Amino acid sequence: MPQIRILPTHLVNKIAAGEVIERPASVVKELIENALDAEATRIDVAVEDGGRKLIAVTDDGAGMSPEDLALAFAPHATSKIAAEDDLERIETMGFRGEALASIASISHAHVRTRRRSEAPAGQSEGGYEAEASEGRIAPVRPCPAATGTTVTIRDLFFNTPARRKFLRAANTELGHITEQIARAALPYSHVAFRLSHNGREIQNLPPASSTLQRAADLFGQELVEGLLPVRPRPGGILVNGLVSAPSAARASGKWQYIFLNGRYIRDRLLSHALREAYRGLMDPNRWPVAMLFIRIDPGQVDVNVHPTKIEVRFRDSQAVHGEVLAALRDTLNRANLTPDASLEETPEAPAKPQADGLEAQEEAGPQTEERRQSLRQALADFFKSAPRPQPRLSFPEAPRTWKKDQTQGLVSEPRRPLHQAPPEPQAPRTGIPEPVPARGFAPSLADPARPEPPAAGPHPMAPLPRRALQVHNAYIVTSAEDGLLIVDQHALHERLVYNDLKRRLADGTLTGQKLLIPEPLDVAPAEADALHRHAELLTRLGIEVVPFGPASFALQQFPAMLAQRGVPPGEFLREILDRLAEDETTDSERLLEDLLEALACKAAVKAGEPLTSEEIDALLARREEAEKGSACPHGRPTTLRLTLKELQKQFKRT
Ligand code: ADP
Ligand code: MG
């Protein structure tokens, strides 16, 4: 057995760095936190080569005395806590005294600083500098400096090849850095932030007067439009912030930010509260946009549980969960959101504008109806190009067209019999839904002459037995030779659309359709970057996006197949952006698959959409084709089968 020995300091620091400094963005995080603790009002971040070559963070904060500077690189050296009790009430971002020592152990670090109190206005002398690398700290020297501190880190991971190997492309690292800046910039909205990469400014956040303003500067106006304010309720735990209406929820969770006393945290319980508040108001696979700021007595929370402090431990976590949930429920109740639970045809009145000028997005009302109509059209169009359903063994008598008075049974009237379907290609529809006849039992808008059907229930004389039944506008139940099938309409349609998209991509027939009016879109810097990076991939999908001002793009062309299905172009592009920005893969084939899935999901009929008997038949006709692929792109099954044997067993007939 080798002897036990005490490790040299620089090795200890290197080990600590292993925990805290995962990538350049971790350095940016630590340096920004130090600047915020020094009460900076302006923080400039300059990086080169994704931070690999250089990271320099300059602040206009309090600065350091030469004595403090001499200690700053020493391990466990901090000005933020002094005694054990202090650890129970952390009010600063830092307190471990480890960051500078760790970073300097795996890079060439340099600090230049000048204290605020000693700097006569406008003068730029009286500063000090020091440098450190691999545990060697050079003596402090006087030098000219502006008030505040600049920490410059060069050649990060130069002596830790294993870490360096895991670094991704510069742009990916830059994405992580912008994310760290967002996490600091949201709670510190009064502080100005700037980011440049290889000398090019890529983000410039002026001091903002509100979180809303800051969020708009960070993520673009479009994301913040319609956000609902979360208002603190009286009590010891204060929760405020901004959340989206359920209808504006996103395809990814990356727009969810939770801050505790100004610190970005991840907390399963709080994420749960967020999900819980929206439960039943939206598709559970979507994520509301949320920026939540929780203020709590620092004595009620332990922030010393995780080296990067991203996790915390609450003294009373249930109380915090309860307060977050209550505040969110208040917000959603105030916004007068009506869950589309009945899935009936009645659109709600538009939501009222919020008291403080924030308007609730056009959530429950016209948007839903408009969307529903465009989806209906989409589905109709989809089936125009689908192979004509053939009579099948499992429901041989299923009629292919319906006479009007025979259709008021369990499913509603078809809009347009399949045999009348016009041949492809379709006229461009690009986001402007054509008027489509109202469905179900509502009188038709397009065909006022159509007699109004009976109020409800199957037609007393309905002569044709139904072989497929739509249940809760989400599932289709039909008989099969050996029992019955329950089909998830969204999953099945999504699978079929996905197959079609793949086929067309392979044959090169996945063409784009020019939009009559290009769709403008505000994008965050990371998204703009993703658009540039993946331009070629997007072209393959028939998508053309061009820059349009500093933080905007315009969608000029998108897949004809989706245009024909009435998928709104703006919504579509949002979805794509969320995916692109979220997806870190460099494997473009995988990304392509991912995007195809997103497209298919977007274009497919949703749960909650009433289908006509024709649509149901058409879906079922292509069921087996989909089944060969066995599951919808997200891996969910499209069909459940209950065999007669199983039924007999359940009914105890055997
Ligand atoms: P911690 O932040 O946990 O105290 P660090 O290693 O990050 O530990 O920093 C060590 C000390 O250096 C801090 O406590 C602070 O006194 C000083 N310091 C670091 N960065 C700055 C800065 N930008 N401005 C002023 N002081 C700083
Ligand atoms: Mg620190």
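Residues numbered from 1 in each chain as written. Chains lettered and ligands numbered in written order. Predicted model: local features only at pLDDT ≥ 70, side-chain atom pairs only at ≥ 80, totals over all residues. Heavy atoms only, no water.

Some words on the site of ligand 1
Neighbouring ligand 1 are 19 residues; N34, T78, S79, K80 and G97 lie closest to it. At 3.3 Å, a side-chain N or O of T149 approaches a nitrogen atom of ligand 1. Coverage of ligand 1 by the protein amounts to 93% of the 530 Å² it exposes when considered alone. Every element with two or more residues in the shell around ligand 1 is listed here: α2 (24-37) and α4 (99-105). Grouping the amino acids of the shell around ligand 1 by side-chain chemistry returns eight nonpolar, seven polar and four charged. (Near = heavy atom within 4 Å. Polar contact = N/O pair within 3.5 Å; in protein donor to acceptor, adjacent residues only side chain to side chain. Areas by Shrake-Rupley, 256 points an atom, 1.4 Å probe, with all protein chains shown as cover. Helix = DSSP H or I, 4+ residues; strand = E, 2+ residues; numbered from the N terminus. Nonpolar A, V, L, I, M, F, W, Y, C, P; charged D, E, K, R; others polar.)

Topic: the confidence of the model for the chain
Averaged over every residue, the pLDDT of the chain is 77; the share at 70 or more is 76%. Here residues 338-368 scores under 50 on pLDDT; set against residues more than four positions off or in separate chains, the count is 59 contacts. Of the regions scoring below 50 in pLDDT, residues 382-466 engages in 150 contacts with residues more than four places distant in sequence or in other chains. (pLDDT = per-residue confidence, 0-100. Contact = heavy atoms within 4.5 Å.)

Section: the environment of A277
Looking at the element boundaries, A277 is found in helix α9 (residues 268-278). It is 5.9 Å that separates the C-alpha atoms of A277 and L325, two residues lying 48 residues apart in sequence. Sequence-distant contacts of A277, defined by excluding residues within four places in its chain, comprise L325, L328 and L332.

A look at unusual backbone geometry
Positive phi, close to 55°, is recorded for H76, a residue that is not glycine. Here H76 shows up in the loop between α3 (66-72) and α4. The exposure class assigned to H76 is exposed, which follows from its relative accessible area of 57%. Positive phi, normally seen in glycine, also occurs at F157, with a value near 70°. Note on placement: F157 falls in the loop between β7 (148-154) and α5 (161-165). Taking relative accessible area as the criterion, F157 reaches 1% and is therefore assigned buried. (Buried < 20%, exposed > 50% of the residue type's maximum accessible area, 1.4 Å probe, protein only.)

Considerations on the packing of α9 against helix α10 (residues 317-334)
For the pair α9 and α10, the least separation of the axes is 9 Å and the interaxial angle reads 30°. The angle between α9 and α10 places the two elements in the roughly parallel class. The two elements α9 and α10 cross, and the hand of that crossing is right-handed. Residues L269, L270, H272, A273, L274, E276, A277 and Y278 of α9 form the contact with α10, whose own contacting residues are S317, Q318, V320, H321, V324, L325, L328, R329 and L332. Across the contact of α9 with α10, the residue classes tally to eleven nonpolar, four polar and two charged. (Axes fitted to C-alpha atoms, helices over the stretch in contact; angles between N-to-C directions. Parallel < 35°, antiparallel > 145°, perpendicular 65-115°, else oblique. Left-handed = near helix turned anticlockwise from the far one by under 90°.)

A look at the pairing of strand β4 (residues 127-133)
With respect to burial, β4 is a largely interior element, five of its seven residues being buried. In terms of strand pairing, strand β3 (residues 108-114) meets β4 through six bridges, oriented antiparallel. Paired with R112 across the bridge in β4 is E129. With three bridges connecting them, β4 and strand β6 (residues 141-143) associate as antiparallel partners. (Pairing = 2+ DSSP bridges.)

Digging into the environment of R641
Among the structural elements, R641 can be located in strand β23 (residues 639-643). Residue R641 is classed as partly exposed on the basis of its relative accessible area, which comes to 42%. C-alpha separation for the pair R641 and G483, spaced 158 residues apart in sequence, amounts to 7.3 Å.

Some points on the packing of α2 against helix α6 (residues 170-185)
It is the contact of α2 with α6, at a shortest axis distance of 8 Å, that shows an interaxial angle of 25°. The pairing of α2 with α6 is recorded here as roughly parallel in orientation. Seen along the crossing, α2 lies across α6 with a hand that is right-handed. Residues P24, A25, V28, K29, I32 and L36 of α2 form the contact with α6, whose participating residues are E173, H176, I177, Q180, I181 and A184. Within the contact of α2 with α6, the residues separate by chemical class into eight nonpolar, two polar and two charged.

A look at the packing of aromatic side chains
Any two aromatic rings considered together are summarised by their centre-to-centre distance and by the angle between their planes. Applying the stated rule across the entire model yields seven aromatic pairs. Considering the side-chain rings of F219 and W255, the 5.0 Å spacing of their centres and the 80° angle between planes classify their relative orientation as edge-to-face. With F219 in helix α7 (residues 211-219) and W255 in the loop between β11 (238-243) and β12 (256-260), this pair connects stretches of sequence that are 36 residues apart. Here F219 and Y257 contribute two aromatic rings whose centre-to-centre distance is 5.8 Å and whose plane-to-plane angle is 20°, an arrangement assigned as stacked. Here Y257 lies in strand β12 and F219 lies in helix α7, a separation of 38 residues in the sequence. Since its relative accessible area comes to 2%, Y257 is described here as buried. The structure contains a cluster of three or more aromatic residues connected by ring pairs, namely F219, W255, Y257, F259, Y264 and F293. The ring of W255 is capped by K254, whose NZ or CZ atom sits 3.8 Å from the centre of that ring. (Phe/Tyr/Trp six-rings, centres within 6.5 Å; stacked < 30°, edge-to-face > 60°. Lys NZ or Arg CZ within 6 Å of the ring centre and 35° of its normal.)

Some thoughts on the environment of E22
Mapped onto the elements, E22 comes out in the loop between α1 (9-20) and α2. Residue E22 is classed as exposed on the basis of its relative accessible area, which comes to 51%. Considered as a pair, E22 and F166 are 144 residues apart in the sequence and their alpha carbons are 9.1 Å apart.

Digging into the nonpolar core
Of all hydrophobic cores here, the largest spans 64 residues; its most connected members are I43, F193, F219 and M291. Counting residues per element, this core draws most heavily on α2, at seven residues. Each residue touching F219, except ones within four places of it in the same chain, is listed here: A182, L186, W255, Y257, M291, V523 and A524. L562, V567, L596 and A603 belong to the second largest nonpolar core, which has 35 residues in total. (Core = buried A, V, L, I, M, F, W, Y, C linked by side-chain atoms within 4.5 Å.)

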